Amino acid sequence: MEGSIPLTSLPGGLDLRATLESGQSYVWERADGAMYTGADDAWYHTVHDGEVIAVRQREDELVWQATTDADDRLHDRLRLDDDLPAIRATAPDDDVVDTAFDRYWGLRVVADPFFPTLISFICSTQMRVERIYQMQTALREAYGTPIEFRDRTHHAFPTPAALAAATEAELRDLGLGYRAPYVLETARQVDAGTVTRADIDGRPYETAREALTGYAGVGQKVADCVLLFSLSYLEAIPLDTWMQTLLADYYPECDRETYADTSRALRATLGGAYAGYVQTYLFHHLRTR
DNA sequence: TAGATACCTTATAG
DNA sequence: ACTATAAGGTATC
């Protein structure tokens with residue numbers, strides 16, 4: 001099937017490229033492989049619940065081709081119903097925030113599937129964005145179910161059971177390094193139901209963050225990434241090295257002794273309920289300037 | 001509880 | 001060519 005979604009009526013429109021190449025999502029693959037260097041209207045594809053979805057932005061429409069009707073899925077996954085002007089209105093009106101929003105206006109926080117997001121951010125520690133993509137691609141090709149679509153083989157992200165059946169040596173061979181045992185253990189925890197979505201979803205933000213740290217290789221920062229980019233906790237602000245730089249340069253008064261306290265202070269400064277949205281714009285802006 | 005350190009691997013700077 | 005350093009941190013002591 002194929003179709004298109006008009007973007008003119010969306011509050012704030014869409015910048016698909018900024019959305020998918022800002023280091024928040026590792027489940028979409030750019031078809032031409034030209035991340036950061038190619039054109040703005042590339043095709044991106046993913047496998048979602050066994051269905052292949054390909055999307056491309058053409059001026060004021062989002063064009064898609066898929067093995068199923070992808071309209072609703074794209075609205076959900078790309079948060080097309082978020083009111084960007086309303087979200088921006090909650091952010092501080094200062095130079096760095098204004099510049100970030102102006103530069104990538106139309107960037108939307110994604111709502112990626114849980115397990116791939118969990119694994120990709122366990123892999124993200126001490127790693128550059130470009131290499132995180134490589135690791136996820138390697139995992140998909142090694143353990144994911146292949147699906148043919150339009151003369152191309154796509155790979156679903158591995159199921160928890162499939163990853164749990166891997167060996168640490170295999171994962172190290174894919175370049176995961178010290179993350180290999182974390183990925184393996186977390187896959188086993190998910191597969192066995194040791195920590196479940198019920199322990200996380202719907203809980204208050206900081207409770208959910210604490211629950212996520214029950215997975216191997218998941219500390220507070222990675223937990224915040226999963227909450228923000230998969231579980232729609234839009235107030236979550238992953239405090240990484242870029243946010244530490246931001247803190248020092250622009251909001252030194254928010255610096256505290258612990259992660260939790262700094263998080264609360266910066267969250268308040270960035271506007272509260274949508275602080276994670278603001279963080280995503282800031283992260284992409286800081287990392288690409 | 002706070003602080004220090006090891007950890008895989010790769011790319012980049014010097 | 002080589003070495004040091006850093007990359008969206010976490011676990012452990």
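The rules behind the values
Residues numbered from 1 in each chain as written. Chains lettered and ligands numbered in written order. Predicted model: local features only at pLDDT ≥ 70, side-chain atom pairs only at ≥ 80, totals over all residues. Heavy atoms only, no water. Core = buried A, V, L, I, M, F, W, Y, C linked by side-chain atoms within 4.5 Å. Buried < 20%, exposed > 50% of the residue type's maximum accessible area, 1.4 Å probe, protein only. Contact = heavy atoms within 4.5 Å. Salt bridge = Lys/Arg side-chain N within 4 Å of Asp/Glu carboxyl O. Helix = DSSP H or I, 4+ residues; strand = E, 2+ residues; numbered from the N terminus. Near = heavy atom within 4 Å. Polar contact = N/O pair within 3.5 Å; in protein donor to acceptor, adjacent residues only side chain to side chain. Nonpolar A, V, L, I, M, F, W, Y, C, P; charged D, E, K, R; others polar. Phe/Tyr/Trp six-rings, centres within 6.5 Å; stacked < 30°, edge-to-face > 60°. Lys NZ or Arg CZ within 6 Å of the ring centre and 35° of its normal. Expected span 1.5 Å × (residues − 1).

Caption draft 1: Just the nonpolar core, in detail. Counting 94 residues, the largest nonpolar core has Leu62, Leu74, Leu163, Leu171 and Leu212 as its most contacted members. Excluding residues that lie within four positions of it along the chain, Leu163 makes contacts with Phe115, Ile119, Leu139, Tyr143, Phe157, Pro158, Leu171, Val183, Leu184 and Ala187. Counting five residues, the second largest nonpolar core, distinct from the first, contains Val47, Val52, Ile147 and Phe149.

Caption draft 2: Structural view of the pattern of salt bridges. All chains considered together, the criterion is met by 17 salt bridges. For Glu29, the salt bridge is made with Arg140, and the minimal N-O distance between the two is 3.4 Å. Highlighted residues: Glu29 in strand E2 (residues 29–30) and Arg140 in helix H6 (residues 129–143), separated in sequence by 111 residues. Of the residues examined, Glu29 reaches a relative accessible area of 25% and is grouped as partly exposed. Of the charged contacts in the structure, one is a salt bridge between Asp112 and Arg77, with a shortest N-O distance of 3.5 Å. Taken together, the residues span a long stretch of sequence, with Asp112 in the loop between helix H4 (95–103) and helix H5 (114–122) and Arg77 in helix H2 (residues 71–77) at a distance of 35 residues.

Caption draft 3: A look at the protein's contact with DNA strand B. Every residue near DNA strand B is listed here: Arg128, Arg131, Arg172, Gly177, Tyr178 and Arg179. Restricting attention to atoms of DNA strand B within 4 Å of the protein, one finds that 57% of them are sugar or phosphate atoms. In the model, a sugar or linking oxygen of DNA strand B is placed 2.9 Å from a nitrogen or oxygen of the Arg172 side chain. One of the side-chain N or O atoms of Arg179 is found 2.8 Å from a base oxygen in DNA strand B. Class assignment of the residues belonging to the surface near DNA strand B gives a composition of one nonpolar, one polar and four charged.

Caption draft 4: Representation of the protein's contact with DNA strand C. Near DNA strand C there are 28 residues, and of these Gly23, Arg128, Val129, Gly217 and Asp240 occur at the shortest range. In DNA strand C, atoms within 4 Å of the protein come from the sugar-phosphate backbone in 54% of cases. Here a phosphate oxygen of DNA strand C sits 2.7 Å away from a polar atom, N or O, in the main chain of Val129. Here a base nitrogen of DNA strand C and a side-chain polar atom of Tyr178 are 3.3 Å apart. The set of elements that each furnish at least two residues to the surface near DNA strand C consists of helix H11 (220–229), helix H12 (241–250) and helix H14 (275–287).

Caption draft 5: Highlighting the side chain of Gln24. Topologically, Gln24 is positioned in the loop between helix H1 (16–20) and E2. A relative accessible area of 1% places Gln24 in the buried class. A polar side-chain atom of Gln24 sits 2.9 Å from the main-chain carbonyl oxygen of Arg108. Of the polar contacts made by the side chain of Gln24, one reaches the backbone nitrogen of Val110; its length is 2.9 Å. Setting aside anything within four residues of it in sequence, one finds Gln24 in contact with Thr19, Leu107, Arg108, Val109, Val110, Asp112, Phe121, Phe229 and Thr280.

Caption draft 6: Structural detail: the side chain of Ser230. As for its position among the elements, Ser230 is in the loop between H11 and H12. A polar contact of 2.7 Å, which involves the side chain of Ser230, links it to the backbone oxygen of Asp112. In this structure the side chain of Ser230 is engaged in a polar contact, spanning 3.5 Å, whose partner is the backbone nitrogen of Phe114.

Caption draft 7: Structural view of the packing of aromatic side chains. All told, the structure shown has ten aromatic pairs when counted by the stated rule. Ring geometry for Tyr26 against Tyr133: centres 4.7 Å apart, planes inclined by 55 degrees, an arrangement best described as tilted. Pair noted here: Tyr26 is in the loop between H1 and E2 and Tyr133 is in helix H6, with a separation of 107 residues, a long-range link. Like Tyr26, the residue Tyr133 is buried in the burial classification. Look at Tyr178 and Tyr182: their rings are 6.5 Å apart centre to centre, the planes differ by 80 degrees, and that puts the pair in the edge-to-face class. Under the relative-accessibility criterion, Tyr178 is labelled partly exposed at 40%. According to the relative accessible area criterion, Tyr182 is partly exposed, its value standing at 37%. Site record: aromatic cluster; members linked through ring pairs are Tyr26, Phe121, Tyr133 and Phe229. Of note, Arg179 hangs over the ring of Tyr178, and the distance from its end group to the ring centre comes to 4.3 Å.

Caption draft 8: Highlighting H14. Look at H14: 18 Å from first C-alpha to last across 13 residues, which is about the 18 Å you get at 1.5 Å a residue. Extensive coverage of H14 is indicated by the burial of 13 of its 13 residues.

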